[in-house]
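Chains, contacts and geometry: an overview
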Amino acid sequence: MQSILHYINGQLVEPRSGNYLDNIDPATGAVYSRVPDGDGDDVNAAVAAAEQAFPAWSQTPAEKRSACILKIADAIEARLDEFARAECVDNGKPLSLTRNMDIPRAVKNFRFFATAILHSKSETHMTDGQALNYTLRQPRGICGLISPWNLPLYLLSWKIAPAIAAGNTAVAKPSEVTPMTAFMLSEVCREAGLPAGVLNIVHGLGAKVGAAITAHQKVTTISFTGGTVTGREVARTAAPMFKKISLELGGKNPNIVFADADMDRAVAESVRAAFANQGQICLCGSRIFVERAAYEPFVNRFVAATQGLKIGDPLEAGVDQGAIVSKPQFEKVSFYVNLAREEGGTILTGGSPPPTVNDRCKNGYFFTPTVITGLGPNCRVNQEEIFGPVTSIIPFDAEEEVIDYANGTAYGLSATVWTQNLPKAHRLAERINSGTVWVNCWLLRDLRVPFGGMKQSGVGREGGDEAMRFFTESKNVCISVS
Ligand code: TXE
């Protein structure tokens, strides 16, 4: 059985404890590899390696840092099928999704930031003939990068790329639930000649390895993506140590459909927004608000399109819905669907696991895409993040009413508005409290724009210049000219 290894100081190494955790394929429910049960000793070794590598890497010309990171991107792209299959087996999502989204986007992340550092600008200000001020942006030091299981390589690369491109060194911790492509990235970094210690990947449980990274005195910057509960824990540790933190957390994103929308597109994209990646994307539109005049026809078309989604073995072609990432996550989804019944909701389709998809997957964690109606906007199912293939559709009558609904949760990550009335679109975009508002589209991403959440969806912004600002320290130098 394959054993995943840490990547510390340029070497692939066993956990110092010698202990391993089971790594389960969610489509079969079977243990298929082992992941290091890392601990503080491994984290200390990784931080020491990052500290040793920092002087040389931070002074490496941007041109050379860029070339090295571009080689990593090329190497992943050259092994795209291998990475895509590994991600599919580790996470349970369809192979078509890992081939067309996860891995290509990871390649794009590395390329984007490898080239961004070649064009970074800095500011100068003349103080009315007395002084020249210029802003110096310098790498911060050792960054702790903690990523989740839903988009494993996609989100890990979203942190690693800007952190090391900016001249920092890093200790990264992928989710113990989906460690495989991070391990493969380690092999790629060695082949690409990334200097030892620039990137270190320590595997293991969040409460052990993640907590040790967050608490380490020499880790100055933390970039975390995960659940709000864990994000609060990370912030509690990092704040009194004056660390710089970025938290990308959960969401309960409103998807608002006005009667004047292009219904063909609104239905198709709303189904994708609800169920892509088995609904395990923090940006999924899990609360759909439909203007009453269009409510009935929308619900009928949405349910029919949902029932047309193919649930199957994620390794097979043409599958739209694979397995839920883990047994605990499957149980969380089941819990909320049962809660919806208790709260008086009507399950129009789904609501339980599908019939066995095939013999190979008979013990996998599959759940039928579920559509619920009849629930009020303030019930738990419409307030709490489920993070699975479950969506709730709610009618509304007035613009003011739906703005209140949209803003009426603890989250503020993203929102989608479907209307062909542009002034209305701009009004909604201005009034909805979320870090991203899509109008007549969903998950259309430009890597140059700021990305992040409001309220309990997160702190800070990454992406584009924001990421380069986050991963650097800015200093003002003021030189008298008199
Ligand atoms: O996330 P966790 P989980 C939401 C989603 C999901 C819930 C829990 O609702 O059901 O979070 O998912 C590491 N100190 N999202 O349990 O626990 C952990 O090992 C430092 C939304 O997977 O937040 C993993 O690497 N690190 C989210 C990472 O944190 C700790 C995507 C995320 O794990 C830690 C994923 C600690 N004390 C889940 N405890 C999004 N915004 O996309 C755990 N970790």
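As a reminder, the structure under discussion sits directly above these lines.
Attention in this report is confined to the structure presented alongside it. (Residues numbered from 1 in each chain as written. Predicted model: local features only at pLDDT ≥ 70, side-chain atom pairs only at ≥ 80, totals over all residues. Heavy atoms only, no water.)

Some details on the packing of aromatic side chains
Scanning the model with the defined rule gives ten aromatic pairs in all. Plain terms: the ring middles of Phe470 and Phe471 are 4.8 Å apart, the flat faces sit at 75 degrees to each other, and that makes the pair edge-to-face. For the pair formed by Phe470 and Phe471, the shared burial category is buried. Ring pairs connect the aromatic residues Phe112, Phe113 and Trp158, which therefore count as one cluster. Note that Arg34 overlies the ring of Tyr20, its terminal NZ or CZ placed 3.8 Å from the centroid. (Phe/Tyr/Trp six-rings, centres within 6.5 Å; stacked < 30°, edge-to-face > 60°. Buried < 20%, exposed > 50% of the residue type's maximum accessible area, 1.4 Å probe, protein only. Lys NZ or Arg CZ within 6 Å of the ring centre and 35° of its normal.)

Considerations on the sheet that holds strand β4 (residues 20-25)
Judged by pairing direction, the sheet is mixed, and its three strands sit side by side in the order β1-β5-β4 without closing on themselves. Each having just a single partner strand, β1 (2-3) and β4 make up the two edges of the open sheet. Sheet topology places β4 next to strand β5 (residues 30-36); six bridges connect them, and they run antiparallel. Note that in β5 the partner of Ile24 across the bridge is Val31. (Pairing = 2+ DSSP bridges. Helix = DSSP H or I, 4+ residues; strand = E, 2+ residues; numbered from the N terminus.)

A word on the site of the ligand
Taken together, 28 residues lie near the ligand, and Trp149, Glu176, Leu249, Lys332 and Glu385 sit nearest. A distance of 2.3 Å separates an oxygen atom of the ligand from a polar atom in the side chain of Trp149. Expressed as a share of its isolated accessible area of 810 Å², the protein-covered part of the ligand is 86%. Counting atoms within 2 Å of the grid points, the majority share of the ligand lands in the largest pocket. Ranked by residues supplied to the shell around the ligand, first place goes to helix α7 (residues 206-215) with four residues. Within the shell around the ligand, the residues separate by chemical class into ten nonpolar, twelve polar and six charged. Three or more residues apiece are contributed to the shell around the ligand by two domains, here domain 1 (2-249 + 457-480) and domain 2 (254-446). (Near = heavy atom within 4 Å. Polar contact = N/O pair within 3.5 Å; in protein donor to acceptor, adjacent residues only side chain to side chain. Areas by Shrake-Rupley, 256 points an atom, 1.4 Å probe, with all protein chains shown as cover. 1 Å grid on protein atoms, 1.4 Å probe; cavity = no way out; pocket = protein on both sides within 12 Å on 5 of 7 lines; lining within 4 Å. Sits in = over half its atoms within 2 Å of the grid points. Nonpolar A, V, L, I, M, F, W, Y, C, P; charged D, E, K, R; others polar. Domains from an automatic or database assignment.)

Quick look at the layout of surface pockets
Its boundaries defined by the atoms lining it, the largest pocket holds a volume of some 800 Å³. If you trace the largest pocket, you find 36 residues lining it, with Trp149, Phe224, Gly226, Gly227 and Thr230 closest to the centre. If you list the elements that add at least two residues to the lining of the largest pocket, you get α7, β11 (219-225), α8 (228-238) and α11 (327-342). Among the elements that take part in the lining of the largest pocket, α8 stands out by supplying six residues, more than any other. In terms of residue class, the lining of the largest pocket is built from 15 nonpolar, 15 polar and six charged. Taken domain by domain, the lining of the largest pocket gets at least three of its residues from each of domain 1 (2-249 + 457-480) and domain 2 (254-446). There is about 610 Å³ of room inside the second largest pocket. If you go around the second largest pocket, you meet 22 residues; those closest to its centre are Ala116, Ser120, Lys121, Arg137 and Met468. Mapped onto the lining of the second largest pocket, the elements with two or more residues apiece are α4 (95-116), β7 (131-139) and α14 (464-470). Looking at the lining of the second largest pocket residue by residue, the classes come out as seven nonpolar, eight polar and seven charged. (Points joined across faces, edges and corners; volume = space filled by probe spheres on them.)

Comments concerning the pattern of salt bridges
Applying the stated rule across the entire model yields 25 salt bridges. A salt bridge links Glu51 to Lys218; its shortest N-O distance comes to 3.1 Å. One end of the pair, Glu51, is in helix α1 (residues 40-58); the other, Lys218, is in the loop between α7 and β11, with 167 residues separating them in the sequence. Take Glu51: its relative accessible area is 37%, and that puts it in the partly exposed class. (Salt bridge = Lys/Arg side-chain N within 4 Å of Asp/Glu carboxyl O.)

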